[in-house]
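# Structural characterization, general
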Amino acid sequence: MQTYKIILNNGEPIIISEEELPKVIYSIQNKGLVVTKMGIFNPSYLVEIIPNQTTPDENEWWKKKMQAPSPFAKLLSPKMKMLSDKEMTQVVEETAKEERRLKR
């Protein structure tokens, strides 16, 4: 499986799979946030996209990593939506309340 490295202007790379490349290019062309399995970035911070040069062992590691569930799964799913500010505040408050309860 071919992987690509997206280099951002802060030097941090985001690795994408070959399957994600067309979606990334489309998002860059439309100047929207780019959501990948391994990260989210603003196209204005993009420096370059290059093939990810890896050894066979690293390639196996990346293959497993790309097959694992993404921390951005809700954003990648077309049926999921971002929480509104009100909903996010409610979730944060409920989480804080539960954490305080567990500390007692």
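Residues numbered from 1 in each chain as written. Predicted model: local features only at pLDDT ≥ 70, side-chain atom pairs only at ≥ 80, totals over all residues. Heavy atoms only, no water.

Let us look at the pattern of salt bridges. Evaluation of the coordinates by the stated rule reveals one salt bridge. One salt bridge in this structure joins Arg101 and Glu98, with 2.5 Å as the shortest N-O distance. In this pair, Arg101 and Glu98 both sit in helix 4 (residues 85–103), three residues apart, roughly one turn of the helix. Glu98 gets classed as partly exposed once you look at its relative accessible area, which sits at 35%. (Salt bridge = Lys/Arg side-chain N within 4 Å of Asp/Glu carboxyl O. Helix = DSSP H or I, 4+ residues; strand = E, 2+ residues; numbered from the N terminus. Buried < 20%, exposed > 50% of the residue type's maximum accessible area, 1.4 Å probe, protein only.)

All right, on to the nonpolar core then. In this structure, Tyr4, Ile6, Leu8, Ile14, Ile16, Leu21, Val24, Val34 and Phe41 together form the largest nonpolar core, which totals nine residues. Those elements giving two or more residues to this core turn out to be strand 1 (3–8), strand 2 (13–17) and helix 1 (21–29). The biggest single contributor to this core is strand 1, with three residues. (Core = buried A, V, L, I, M, F, W, Y, C linked by side-chain atoms within 4.5 Å.)

Attention now moves to the sheet that holds strand 2. Across the sheet, which stays open at both edges, the three strands sit in the order 2-1-5 with antiparallel pairing between neighbours. Edge positions in the open sheet fall to strand 2 and strand 5 (46–51), since each of these has one partner strand only. Strand-to-strand twist of the sheet, defined as the mean angle between neighbouring strand axes without regard to direction, takes the value 25°. Across five bridges, strand 1 lies against strand 5 in antiparallel orientation. When the sheet's bridge partners are listed, Lys5 is paired in strand 5 with Ile50. In this fold helix 1 packs onto strand 1, strand 2 and strand 5, with an angle of close to 160° to the strand it touches most, strand 5. Along the sheet, helix 2 (residues 56–67) makes contact with strand 1 and strand 2, crossing strand 2 at roughly 80°. (Pairing = 2+ DSSP bridges. Axes fitted to C-alpha atoms, helices over the stretch in contact; angles between N-to-C directions. Contact = heavy atoms within 4.5 Å.)

To continue, consider the pairing of strand 1. Extensive coverage of strand 1 is indicated by the burial of five of its six residues. Adjacent in sequence and paired antiparallel, strand 1 and strand 2 are bridged by four residues, among which Gly11 carries a positive phi angle near 90°.

Let us look at helix 1. Residues Leu21, Val24 and Ser27 constitute the buried set of helix 1. Looking straight down helix 1, one finds its buried side chains confined to an arc of 125°; they lie on one side. Exposed and oriented more than 90 degrees from the buried face of helix 1 are Pro22, Tyr26 and Gln29. Structurally, helix 1 contributes buried residues whose contacts are with strand 1, strand 2, strand 3 (34–35), strand 4 (40–41) and strand 5. Backbone geometry just downstream of helix 1 places Lys31 in the positive-phi region, at approximately 55°. (Arc of directions from axis to C-beta.)

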